[in-house]
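What follows is each chain in one-letter form.
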Amino acid sequence: MLELKNVYKSFGDTQVLRDVSFSVNKGDVVAVIGKSGAGKTTLLRIMNYLIPPDFGEVYFHNSKVVFNRKVLRAVRSKIGFVFQRFNLIRHLTALDNVAIGLVKVKGLKWPQAREFALRKLEEVDLANRANHYPSQLSGGQQQRVGIARALAMEPDLILFDEPTSALDPSLVGEVMSVIRRLSANGITMVVVTHEMSFAKNVANRLVYMEDGKILYDTTPEQFFHSKDKRIRHFLNDFLEAV
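Residues numbered from 1 in each chain as written. Predicted model: local features only at pLDDT ≥ 70, side-chain atom pairs only at ≥ 80, totals over all residues. Heavy atoms only, no water.

As recorded in an unreviewed UniProt entry, the protein goes by ABC transporter and comes from Kosmotoga arenicorallina S304. Per UniProt, the protein has the following entry under Sequence similarities (unreviewed entry): "Belongs to the ABC transporter superfamily." One UniProt comment on the protein, placed under Subcellular location (unreviewed entry), says "Cell membrane". (UniProt positions renumbered as here; feature names shortened; annotations may be inferred.)

Next up, the structure:
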């Protein structure tokens, strides 16, 4: 479905990704983990060309993605993105935050878009908050609106950028339960996450990054049972941090 080939990315003098090759197949639930600064978010943003690579290539459904307005519009209409800090439009209701992409990208009229958007809010258990503004919603509710917004575009792939890291611990469960439900329904997704229970019990693939490289792309079972010193060190540090 999606493939990155020999991708490099730098910001100023800092090299963030180094010769990264990576592919996503239909039905995959990929958890991307690693220490802060490993390049996880940059990897995710290059997947749908929110930022372009310096070198290397991105393919979506076997077609090369290039920095062209028409191409990017088509790609982004099929790759949903759920942001770490929600990125909702503050002056729009939850319903219209979900509907606006259908109007702007797919050309639906507002009544039709709102009807469809309401169904997506129902899928994340927020139909009763449709007319609330972001400031009237908890962080977990805002993130679920973000998920509904991504679902409304009926994407082939959804990218999640640490979807629970901006939430109070008490709100993490409600967002992760929605993501688990999506995975059970066969949604293809790549999730940058610190939620090890998700990586271990829900994902079918686990990608571990360090210093801008993918060091491991394996099954959760193989990763969590690995005797590799680098993996054990990462997991021990993580457990100490929580």
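Points about the packing of helix H3 (residues 94–104) against helix H4 (residues 110–123)
Where H3 meets H4, the closest approach of the two axes is 8 Å, and the angle between their N-to-C directions is 125°. Between H3 and H4, the angle falls in the class oblique. Read as a crossing pair, H3 and H4 show a hand that is right-handed. Here H3 contributes Ala 94, Leu 95, Asp 96, Val 98, Ala 99, Ile 100, Leu 102 and Val 103 to the contact with H4, which in turn contributes Trp 110, Ala 113, Arg 114, Phe 116, Ala 117, Leu 118, Lys 120 and Leu 121. Each residue belonging to the contact of H3 with H4 can be placed in one class, and the counts come to 13 nonpolar, no polar and three charged. (Axes fitted to C-alpha atoms, helices over the stretch in contact; angles between N-to-C directions. Helix = DSSP H or I, 4+ residues; strand = E, 2+ residues; numbered from the N terminus. Parallel < 35°, antiparallel > 145°, perpendicular 65-115°, else oblique. Left-handed = near helix turned anticlockwise from the far one by under 90°. Contact = heavy atoms within 4.5 Å. Nonpolar A, V, L, I, M, F, W, Y, C, P; charged D, E, K, R; others polar.)

Let's talk about the sheet that holds strand S7 (residues 157–161)
Within the open sheet, the six strands sit side by side as S6-S7-S8-S3-S9-S10. Their pairing is mixed. Unpaired on one side and paired on the other, strand S6 (79–82) and strand S10 (213–218) mark the two borders of the sheet. Between one strand axis and the next, the sheet turns through 15° on average, direction left out of account. As paired strands, strand S3 (residues 29–34) and strand S8 (residues 189–192) are joined by four bridges and run parallel to one another. Looking at S8, one finds that Val 30 is bridged to Val 190. Helix H5 (residues 139–152) contacts S6 and S7 of the sheet and is inclined by roughly 175° relative to S6. (Pairing = 2+ DSSP bridges.)

Thoughts on the UniProt feature "domain: ABC transporter" (unreviewed entry) in the protein
Under the feature "domain: ABC transporter" (unreviewed entry), the UniProt entry names residues 2–236. End C-alpha atoms of residues 2–236 are separated by 32 Å, and the span's content is 38% helix alongside 26% strand.

Some thoughts on the sheet that holds strand S1 (residues 2–11)
Pairing is antiparallel in the open sheet, where four strands are placed in the order S2-S1-S4-S5. At either end of the open sheet lies a strand with only one pairing partner, and these are strand S2 (14–24) and strand S5 (63–64). Sheet strands touched by helix H1 (residues 40–47): S1, S2 and strand S4 (55–60). Its angle to S1, the strand with the most contacts, is close to 125°.

Topic: helix H6 (residues 169–184)
Here H6 is 16 residues long and its end C-alpha atoms lie 23 Å apart, about the 22 Å a rise of 1.5 Å per residue gives. In the core, the buried residues of H6 are packed alongside S3, H5, S7, S8 and helix H7 (196–201). A positive phi of about 85° marks Gly 186, the residue just after H6. (Expected span 1.5 Å × (residues − 1).)

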